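# Coordinate inspection notes
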Amino acid sequence: MAEPLSRERGVLVIGAGTMGSGIAEVAAAAGHRVYLRDASDAAVQRGLALIRASLDKRVARGKLPQSGRDTILERVQPAPPGVPSGLGLVIEAIYEDLEAKVQALTAVEASLPADATAPAVAQAIAATAQSWGKSPVHCRSTPGFIVNRVARPFYAEALRLLQEQAGSPATVDAVLRECGGFRMGPCELMDLIGHDVNFAVTRSVYQGFFEDSRYRPSLLQQELVHAGWLGRKSGRGFFDYAEGVQQPAADEQSRGPIPRWCASKASSGLRAGSANCCASARASVWRKARASACCASTAWRWR
Ligand SMILES: NC(=O)c1ccc[n+]([C@@H]2O[C@H](COP(=O)([O-])OP(=O)(O)OC[C@H]3O[C@@H](n4cnc5c(N)ncnc54)[C@H](O)[C@@H]3O)[C@@H](O)[C@H]2O)c1
């Protein structure tokens, strides 16, 4: 069993965005000195602010004492040029751009020990992640690894549903959350991840699989990226995150034309559980109660 990284060794995190700041916080909470590096000082400061906000939230929820918050924050600092002394681990968490990642890693590679890519390193990293309270798994190097690969269709099918105007983002999310048991719907999750990041990962997995159509990126998501509607971080994605804005509810009424056969049955209402439970697109697109969860799933047909 490999030994985890000693708490005396420092951790350099390159990329101080959503992932990098989260990783830095975890490493600092585990007792390491953490150095944050990004393309600009402003980006490092943004990363530090993310960590501060996350720790403050934990304090407010009573999950962390104020003194613990201060100790963790003191352990994180902007990285000096070059490789900080006493460094034991470098974690790259920069924007999904292979060239940028290679450049950033090449810049520190020369200063790393010769055995930094030995197979034992993977074991040591797993042991370290475990000692930080995480549950690491080993996976072969394959596009998207496990989570990003399996999550692709979750996002892609939701985006296709939206392109087909099958339902609103809030409706798609509600069905998957309330009936599917997912903690977050795909649209709110893409808003949280950031459409720029999510779109870039889809493009990279698509290229990685030689343009397998299962992973084809979405024009709708590209439109959001071009518009700067990146999700929570830009204040607007599928949903509007401006202060005081009430999030839309799932549609209980169809907004589109109703197939003739559906319309003729609409007067009999929605009978969840019966053979006709999906017959009335007019009556309801989704039902919140899990027990009688039901979707009126007919495709719209223009008359
Ligand atoms: N966000 C997620 O949920 C998630 C999940 C799994 C994996 N990832 C992966 O993690 C990586 C980072 O994603 P993120 O969500 O933190 O993105 P992000 O956009 O929040 O942060 C990326 C950071 O990289 C910085 N950066 C860009 N070029 C740089 C350079 N040359 N040197 C140093 N820093 C540079 C940016 O300034 C930014 O601060 C991506 O590869 C992404 O695919 C993200």
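Source: prediction; values computed, not measured.

## A few points about the nonpolar core
Judged by nonpolar contacts, the single largest core of 21 residues is most densely connected at Val11, Val34, Leu36, Ile51, Val76 and Trp132. Those elements that provide at least two residues to this core are strand E1 (10–14), helix H1 (18–29), strand E2 (34–37), helix H2 (41–60), helix H3 (66–75) and strand E4 (87–92). Top element by residues in this core is H2. It accounts for four residues. Ala151, Tyr155, Leu189 and Phe239 belong to the second-largest nonpolar core, a separate cluster that totals 14 residues.

## So, the side chain of Thr171
By the secondary structure assignment, Thr171 is in helix H7 (residues 169–179). Its relative accessible area of 4% is what places Thr171 among the buried residues. A distance of 2.6 Å separates polar atoms of two side chains, one belonging to Thr171 and the other to Ser168.

## So, the packing of helix H6 (residues 147–163) against helix H8 (residues 186–193)
Running from amino to carboxyl end, H6 crosses H8 at an angle of 115°, the nearest separation of the two axes being 9 Å. Classed by the angle they form, the pair H6 and H8 counts as roughly perpendicular. Read as a crossing pair, H6 and H8 show a hand that is left-handed. Residues Phe154, Tyr155, Ala158, Leu159 and Leu162 of H6 pack against Pro186, Cys187, Leu189, Met190 and Ile193 of H8. Its residues assigned to classes, the contact of H6 with H8 shows ten nonpolar, no polar and no charged.

## Quick look at a positive patch on the surface
A contiguous patch of positive charge on the surface is contributed by Lys57, Arg61, Lys63 and Arg232. Along the chain, the position of Arg232 falls in the loop between helix H10 (219–227) and helix H11 (260–265).

## Looking at the site of the ligand
Surveying the vicinity of the ligand reveals 18 residues, the closest of which are Thr18, Met19, Asp38, Glu96 and Lys101. The contact in question runs from an oxygen atom of the ligand to an N or O atom on the backbone of Met19, over 2.8 Å. Within the backbone of Ala39, an N or O atom sits 3.4 Å from a nitrogen atom of the ligand. Relative to its free-state accessible area of 830 Å², the ligand is covered by the protein chains to the extent of 75%. Looking at the shell around the ligand, the elements with two or more residues in it are H1 and helix H9 (195–208). When its residues are assigned to classes, the shell around the ligand shows ten nonpolar, four polar and four charged. Shared between two domains, the shell around the ligand holds at least three residues of each, these being domain 1 (10–131) and domain 2 (141–251).

## As for the pairing of E2
Regular strands place their side chains on alternate faces of the sheet. Residues of E2 alternate between two faces, with Val34 and Leu36 on one and Tyr35 and Arg37 on the opposite face, all of them buried. As paired strands, E1 and E2 are joined by four bridges and run parallel to one another. Residue Val13 lies in a different strand from E2, and its bridge partner there is Leu36. Considered for its hand, the β-α-β crossover made up of E1, H1 and E2 is right-handed. Bridging between E2 and strand E3 (residues 76–78) involves three bridges; their strand directions are parallel. Paired with Tyr35 across the two strands is Gln77, which belongs to E3.

## Quick word on H1
Working note: α-helix, 3.6 residues per turn, so residues spaced by three or four point in the same direction. Helix length check: H1, at twelve residues, gives a terminal C-alpha distance of 17 Å against a target of 16 Å (1.5 Å per residue), a fit within 8%. Buried within H1 are the following residues: Gly20, Ser21, Ala24, Glu25, Ala27 and Ala28. Burial along H1 is one-sided: seen end-on, the buried residues are contained in an arc of 165°. Turned more than 90 degrees away from the buried face of H1 sit Thr18 and Met19, all of them exposed. Immediately downstream of H1, the backbone of Gly31 shows phi near 110°, a positive value.

## Description of the confidence of the model for the protein chain
Per-residue pLDDT for the protein chain averages 87, and the proportion of residues at 70 or more is 86%. Segment residues 266–303: pLDDT under 50, and 79 contacts once partners within four positions in sequence are set aside and those in other chains are kept.

## Remarks on the packing of aromatic side chains
The full count for this structure, using the stated rule, is three aromatic pairs. Measuring from centroid to centroid gives 5.0 Å for Phe209 and Tyr215, while their planes differ by 20°, and the two rings are stacked. For Tyr215, a relative accessible area of 5% translates into the label buried. An aromatic cluster is built from Phe154, Tyr155 and Phe182, whose rings are joined through pairwise contacts.

Basis of the calculations
- Residues numbered from 1 in each chain as written.
- Predicted model: local features only at pLDDT ≥ 70, side-chain atom pairs only at ≥ 80, totals over all residues.
- Heavy atoms only, no water.
- Core = buried A, V, L, I, M, F, W, Y, C linked by side-chain atoms within 4.5 Å.
- Buried < 20%, exposed > 50% of the residue type's maximum accessible area, 1.4 Å probe, protein only.
- Helix = DSSP H or I, 4+ residues; strand = E, 2+ residues; numbered from the N terminus.
- Polar contact = N/O pair within 3.5 Å; in protein donor to acceptor, adjacent residues only side chain to side chain.
- Axes fitted to C-alpha atoms, helices over the stretch in contact; angles between N-to-C directions.
- Parallel < 35°, antiparallel > 145°, perpendicular 65-115°, else oblique.
- Left-handed = near helix turned anticlockwise from the far one by under 90°.
- Contact = heavy atoms within 4.5 Å.
- Nonpolar A, V, L, I, M, F, W, Y, C, P; charged D, E, K, R; others polar.
- Patch = residues over 30% accessible without salt bridge, like charges linked within 9 Å, V, L, I, M, F, W, Y side chains within 5 Å.
- Areas by Shrake-Rupley, 256 points an atom, 1.4 Å probe, with all protein chains shown as cover.
- Salt bridge = Lys/Arg side-chain N within 4 Å of Asp/Glu carboxyl O.
- Lys, Arg positive; Asp, Glu negative; His and termini not counted.
- Charge placed at Lys NZ, Arg CZ, Asp CG, Glu CD.
- Near = heavy atom within 4 Å.
- Domains from an automatic or database assignment.
- Pairing = 2+ DSSP bridges.
- Right-handed = clockwise from strand over helix to strand, strands pointing away.
- Expected span 1.5 Å × (residues − 1).
- Arc of directions from axis to C-beta.
- pLDDT = per-residue confidence, 0-100.
- Phe/Tyr/Trp six-rings, centres within 6.5 Å; stacked < 30°, edge-to-face > 60°.

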